[in-house]
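In case you want the letters, here they are:
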Amino acid sequence: MATCPECEFDEIETADYEEGDTFSCPECGKNLMLLGADEVEIADDEDEDLDDDDDEEDEDEEDVDEDDIDDDEETLDEDVDE
């Protein structure tokens, strides 16, 4: 059994998890990551949130790029017609 570094709850069962798995402390609800046999640390929620934000920005950039391409094609078509 592991101990939560946040609330000091010392009855966290880790037998069902593998190294690198994340789970919540049953006492305080803090997200934890299993480092090794009965050793846990607080999971970095902030890093996960930043990764999610990066993904959203990438999707937005892709949308903008496609719109720019469409505008450029229309401009080229107008030039050819004249």
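Remember, it's a predicted structure, so these values are computed and weren't measured experimentally.

A. Broad picture of the overall build of the protein. A count of helices and strands for the protein gives one helix and three strands. Going from N to C terminus, the protein has its helices and strands arranged as β-β-β-α. Classification of the 82 residues of the protein by burial places 13% in the buried group. Restricting to contacts in the protein with at least 6 residues of sequence separation, those with at least 24 account for 19%.

B. Representation of the pairing of strand 3 (residues 39-42) in the model. Here strand 2 (residues 31-36) runs beside strand 3; their pairing, made up of four bridges, is antiparallel. When the bridges of strand 3 are listed, Gly36 appears paired with Glu39. Between the antiparallel neighbours strand 2 and strand 3 lie two residues, among them Asp38 with a positive phi of about 55°.

C. Examining the environment of Glu13 more closely. Here Glu13 lies in the segment before strand 1 (22-24). Given the relative accessible area of 42%, Glu13 is considered partly exposed. For the pair Glu13 and Thr3, spaced ten residues apart in the sequence, the C-alpha separation amounts to 9.3 Å.

Conventions adopted
Residues numbered from 1 in each chain as written. Predicted model: local features only at pLDDT ≥ 70, side-chain atom pairs only at ≥ 80, totals over all residues. Heavy atoms only, no water. Helix = DSSP H or I, 4+ residues; strand = E, 2+ residues; numbered from the N terminus. Buried < 20%, exposed > 50% of the residue type's maximum accessible area, 1.4 Å probe, protein only. Contact = heavy atoms within 4.5 Å. Pairing = 2+ DSSP bridges.

No statement about biological role is implied by the geometric values presented.
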